[in-house]
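Coordinate analysis (summary)
If you want the building blocks of each chain, they are given just below.
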Amino acid sequence: MNAESDNTLRSNSDELRHLILGMRAAYARGENAMEYARQMAGTIGNNSVVATLIAYDLQAGSYVAGVRENPEANSRWCAQLAEILDPLLTNGGTLLEVGCGEATTLAGVVQRLTNTPSHALGLDISWSRCTEGQGWLAEKEVSARLFVADLFDIPLEDESVDVVYTSHSIEPNGGREEDAIRELMRVARRAVVLVEPIYELANENAQSRMRSHGYVRGLKETAERLGAKVNDYRLLDHISNPLNPSGLILIEKSGVTQEGVAPAWLCPLTHTPMSDLGDVFVSESSGLVYPVLRGIPLLRAEHGVVASKILG
Ligand SMILES: C[S@@+](CC[C@H](N)C(=O)[O-])C[C@H]1O[C@@H](n2cnc3c(N)ncnc32)[C@H](O)[C@@H]1O
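Residues numbered from 1 in each chain as written. Predicted model: local features only at pLDDT ≥ 70, side-chain atom pairs only at ≥ 80, totals over all residues.

**Looking at helix 2 (residues 33-41)**
Among the residues of helix 2, A33, M34, Y36, A37, R38 and A41 are the ones counted as buried. G42, located one to two residues past helix 2, shows a positive phi value of around 70°. (Buried ≥ 20, exposed ≤ 12 C-beta atoms within 10 Å, placed from the backbone. Helix = DSSP H or I, 4+ residues; strand = E, 2+ residues; numbered from the N terminus.)

**A look at helix 6 (residues 104-112)**
One turn of the α-helix equals 3.6 residues, which is why residues spaced by three or four share an orientation. Most of helix 6 sits inside the fold, with seven of its nine residues counted as buried. Within the sequence span of helix 6, burial applies to T104, T105, L106, A107, G108, V109 and V110. Against the buried residues of helix 6 lie helix 4 (62-69), helix 5 (71-85), strand 1 (94-98), strand 2 (119-124), helix 7 (127-140) and strand 4 (161-167). (Contact = placed C-beta atoms within 7 Å.)

**Brief notes about the packing of helix 2 against helix 3 (residues 49-58)**
Where helix 2 meets helix 3, the axes come as close as 9 Å, and the angle between the chain directions of the two elements is 155°. With respect to helix 3, the axis of helix 2 lies roughly antiparallel. Crossing angle aside, the handedness with which helix 2 passes helix 3 is right-handed. Between helix 2, through A33, M34 and A37, and helix 3, the contact on the second element is made entirely by A51, I54, A55 and L58. (Axes fitted to C-alpha atoms, helices over the stretch in contact; angles between N-to-C directions. Parallel < 35°, antiparallel > 145°, perpendicular 65-115°, else oblique. Left-handed = near helix turned anticlockwise from the far one by under 90°.)

**Structural notes on the site of the ligand**
With respect to spatial proximity, 22 residues lie near the ligand, and among them Y56, G99, G101, S167 and S169 are the closest. Contributing elements (two or more residues each) for the shell around the ligand: helix 3 and helix 6. Classifying every residue of the shell around the ligand gives eight nonpolar, ten polar and four charged. Mapping the shell around the ligand onto the domain boundaries places at least three of its residues in each of domain 1 (13-58) and domain 2 (70-252). (Near = placed C-beta within 6 Å. Nonpolar A, V, L, I, M, F, W, Y, C, P; charged D, E, K, R; others polar. Domains from an automatic or database assignment.)

**Things to note about the sheet that holds strand 4**
Sheet architecture is open: seven strands sit in the order 3-2-1-4-5-7-6, paired in mixed fashion. Both edges of this open sheet fall to strand 3 (145-148) and strand 6 (230-235), since each of them pairs with a single strand only. Within this sheet the neighbouring strands show an average axis-to-axis angle of 15°, counted without direction. In this fold helix 7 packs onto strand 2 and strand 3, with an angle of close to 170° to the strand it touches most, strand 3. (Pairing = 2+ DSSP bridges.)

Next up, the structure:
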């Protein structure tokens, strides 16, 4: 199984069975499940989307537990991000965290913004983490919509969200920097804020660790090659792991915030408009539907179901 061929759960079922069972067993032994997947695939420093999904899904619940144990660190992290995001938003604007995990960052950020978004959204490739996140948001009384999606194929229209940000979520997708940044820039109207480990500003030990984990590199250079205007580039003051130094790459676009306008959904397979009918998302022109599992919309291309008669 290699990074090119296994980006959906519909690839070779034998390989997939071995991967899932092997990663689960590795995790149960206290080992790094992603490292197990890299060894199985024979790839050094390269993570497939499926391995990333399984590894993060297995960890679901660990971030909420971490915040309960050390709320001060979460508080410092979220305050730092809110300070960066606030000037980019206006009251009633829209905000999306890509790779939101258990929404422990999203909840803290939204709570601290003075420019309150009318619509806050979070997507993650892992359903279990979105479910944990939904519980966390309810506990914190923060209103935000979470859904399962792949950051390389976001089910939202072009320029439909004012500010799109990440917090260490492009991180494990080394080698796909260009695809990731292009997709975030497609969806953002006003700004893309990348809070990611910055290889080029890291010391040698950190760089070596980042290479072995398959982390992203060259984000600023990639963004600029794509024509982005990078207005801020630096390491952050509050870094939780010096071996994974968090930095900021702020990309500003010329779009103007559209207050109170909900982001429009897009079918991830056919890229046609899609409506949220509550228990299902429907792309009328393609006849494709996407289910909602225990309140979390499943909006990856592989979740699509052909159901031409859904609307009668
Ligand atoms: C290090 S965690 C950070 C979570 C969250 N942003 C936070 O600050 O707590 C990285 C997250 O990115 C998500 N992720 C990685 N690759 C992704 C992809 N291709 N599409 C969507 N989410 C992805 C993982 O599932 C995981 O929840």
